[in-house]
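So you can see what is in the structure, the chains are spelled out below.
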Amino acid sequence: MSDQGFAPPTASYEADPEQVRRVLLLYSGGLDTSVMLKWIQERYGAEVVALSVNLGQPGEDWEVVRGKAIDLGAVDCRVVDAREEFAREYVLRAIRANALYGGGYPLFTALGRPLIAQLAVEHARETGCDTIAHGCTGKGNDQVRIEATVATLAPELKVIAPVRSWAMGRDEEIAYAREHGIPVKGGTEVAPYSIDDNLWGRSSEGRWIEELDHPPEDDVFSLVTRPEEAPDEPEVLRVGFERGVPVALDGERLEPVELLRRCAEIGARHGVGIVDHIEDRIVGLKVRDIYEVPAAAVLLPAHAELERLVCTIHQNQFKGALDRQWAYLVYAGLWWEPLREDLDAYMEHVSEQVTGTIGLKLFKGGVRVVTRDSPNAIYDQALASFAESGGLFSQAASPGFIELWSLQSRMAHRLRQARRG
Ligand code: ARG
């Protein structure tokens, strides 16, 4: 721990230590935020209200988390079940936007942070807190997402980020935990992976993942079956969409949280959704993450396929650029940026026609579209058929089309050749 006292605040929303009376701590129950719960009481002489947010982290026992916070001296610990809002307002929008950052990351963490921070603001106000504390480090995107949200939604609240300032390494944290009666679970010889998860995916960082030439070790996977161990029989899943969002699996209508859970389960069983990703962080670093995203691996390709089928060539070419911009804003912590809402308005409008059913075949780590069905498909089997002729499509008209279509390119090509001699 640093005994040099506190560094002076850099940003307007950073707390002045003298003014910190009551802190809303975003509490996960893990080592960092448990140490923090004690450390804040000790260092600031402040009261701590803990807030834990359920975004569908698999296997979490929220009563245990709550009990732990109270044992460590929190004056109150609230657990908010935000799965429904997360699924509807964040994940379904991401599906409409085909949201993948850097070609592989479906943004589950990035989508969760603005909601978590918004809930922190609401609960801080309700419980009379002046400051919000989080457990993000100074090297990640999550600090940006949380602090940008707090500064946007609640200019009157301040932020502290103890992990950024307390200068404790892992061993010092464990020592601090021991001294303060904080339970440290598991062996302490091997540092655990740094995990973040919710109903849209799970990420692991740290340890050997930092070595770029180190292939994934099996113990990192806790969600997705390794493809080589997946069932020998493929499974076909039919995903029904209405207005750009999934509403049914194999003909059964499901609410979003349940639908996402089942997709994750089916994908995980077939080894689908393992992503080994190098990411350009907004704070400048490139970092490797191992992602397990079985639900996204099933739903994103299905949505993209249906959208391509019902949209024109022009809509399809345009939307990719908007999709990338949407993903970048969300990745970069600017959920509240008006452009994101503007893009969503466009996505919603396009999605009015994105209704239909996509069949996927899942097999040993692979997922492949095998059937498509939509009343809005811009597709006419007779027109597309090699065997048929006539109707709206005249093959006799093709040469005239080709002559005009290639006109400018032909002229320009000739000029270029002439210039080059
Ligand atoms: N690299 C991803 C992102 O920036 C995942 C971060 C996971 N967060 C964590 N605290 N382990 O969104």
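Thresholds applied
- Residues numbered from 1 in each chain as written.
- Predicted model: local features only at pLDDT ≥ 70, side-chain atom pairs only at ≥ 80, totals over all residues.
- Heavy atoms only, no water.
- Helix = DSSP H or I, 4+ residues; strand = E, 2+ residues; numbered from the N terminus.
- Buried < 20%, exposed > 50% of the residue type's maximum accessible area, 1.4 Å probe, protein only.
- Contact = heavy atoms within 4.5 Å.
- Phe/Tyr/Trp six-rings, centres within 6.5 Å; stacked < 30°, edge-to-face > 60°.
- Lys NZ or Arg CZ within 6 Å of the ring centre and 35° of its normal.
- Pairing = 2+ DSSP bridges.
- Axes fitted to C-alpha atoms, helices over the stretch in contact; angles between N-to-C directions.
- Parallel < 35°, antiparallel > 145°, perpendicular 65-115°, else oblique.
- Left-handed = near helix turned anticlockwise from the far one by under 90°.
- Nonpolar A, V, L, I, M, F, W, Y, C, P; charged D, E, K, R; others polar.
- Core = buried A, V, L, I, M, F, W, Y, C linked by side-chain atoms within 4.5 Å.
- Near = heavy atom within 4 Å.
- Polar contact = N/O pair within 3.5 Å; in protein donor to acceptor, adjacent residues only side chain to side chain.
- Areas by Shrake-Rupley, 256 points an atom, 1.4 Å probe, with all protein chains shown as cover.

A.B. asks: Explain the side chain of N98 to me, please; I cannot follow it from the model alone.
C.D. replies: Examined against the element boundaries, N98 turns out to sit in the loop between α3 (83-96) and α4 (108-126). The class for N98 is buried, based on a relative accessible area of 17%. Not counting the four nearest positions on each side in its chain, N98 is found in contact with L300, H303, A304, E307, K319 and D323.

A.B. asks: Explain the packing of aromatic side chains here, please?
C.D. replies: To describe a pair of aromatic rings, you give the distance between the ring centres and the angle between the ring planes. Applying the stated rule across the entire model yields 15 aromatic pairs. Taken together, a centroid distance of 4.5 Å and an interplanar angle of 10° make the contact between Y105 and Y291 stacked. Note that Y105 is positioned in the loop between α3 and α4 and Y291 in strand β12 (residues 286-292), a separation of 186 residues in sequence. Using a relative accessible area of 3% as the deciding quantity, one classes Y105 as buried. For Y291, a relative accessible area of 2% corresponds to the buried category. Ring geometry for W326 versus W335: centroids 6.0 Å apart, planes at 80°, classification edge-to-face. With respect to class, W326 is no different from W335; both count as buried. Clustering of aromatic rings is evident, with ring pairs tying together Y101, Y105, F108, Y291, Y328 and Y331. The cationic tip of R207 hangs over the ring face of Y193; the distance from NZ or CZ to the ring centre is 4.2 Å.

A.B. asks: What am I meant to see in the sheet that holds strand β3 (residues 76-81) here?
C.D. replies: Pairing between the strands of a sheet is mediated by backbone hydrogen bonds and can be parallel or antiparallel. What the 5 strands build is an open sheet, ordered β3-β2-β1-β4-β5; its pairing is parallel. Strands at the two margins of the open sheet, each flanked by one partner only, are β3 and β5 (158-160). Adjacent strand axes in the sheet meet at a mean angle of 25° when their direction is disregarded. Relative to strand β2 (residues 47-54), strand β1 (residues 22-26) runs parallel, the two being bridged by 5 bridges.

A.B. asks: Is there a simple way to explain the packing of α4 against helix α5 (residues 142-153) in this structure?
C.D. replies: Each packed pair of helices is defined by two parameters, the angle between the axes and the distance between the axes. Remark: α4 packs on α5, axes separated minimally by 9 Å, with the N-to-C direction vectors making an angle of 40°. The angle between α4 and α5 falls in the class oblique. As α4 packs across α5, the resulting crossing turns out to be right-handed. Counted together, T109, A110, R113, P114, A117, Q118, V121 and R125 of α4 and D142, R145, I146, T149, V150 and L153 of α5 form the full contact between these two elements. Residues of the contact of α4 with α5, tallied by class, amount to 7 nonpolar, 3 polar and 4 charged.

A.B. asks: So what exactly am I meant to see when it comes to the nonpolar core here?
C.D. replies: If you look at soluble globular proteins, the nonpolar side chains tend to sit buried side by side. Grouped together as the largest cluster of nonpolar side chains are 83 residues, with contacts concentrated most on L107, L111, W200 and W326. The element contributing the most residues to this core is α4, with 10 residues. Excluding residues within four positions of it along the chain, L107 makes contact with A99, Y101, W326, A327, V330 and Y331. Among the nonpolar cores identified, the runner-up in size contains 28 residues, and V20, A46, V48 and A177 belong to it.

A.B. asks: Would you mind showing me how to read the site of the ligand here?
C.D. replies: Inspection of the region around the ligand gives 14 residues, with Y105, N141, D142, R145 and E279 positioned closest. Between the ligand and Y291 there is a distance of 3.1 Å, counted from a nitrogen atom to a side-chain nitrogen or oxygen. A total of 340 Å² of accessible area belongs to the ligand in isolation, and the protein chains cover 89% of it. Mapped by element, the contributors of at least two residues to the shell around the ligand are α4, α5, β6 (194-198), β7 (201-205) and β12. Here the residues of the shell around the ligand sort into 3 nonpolar, 4 polar and 7 charged.

So far we have only geometry, and geometry alone does not tell us how the molecule works.
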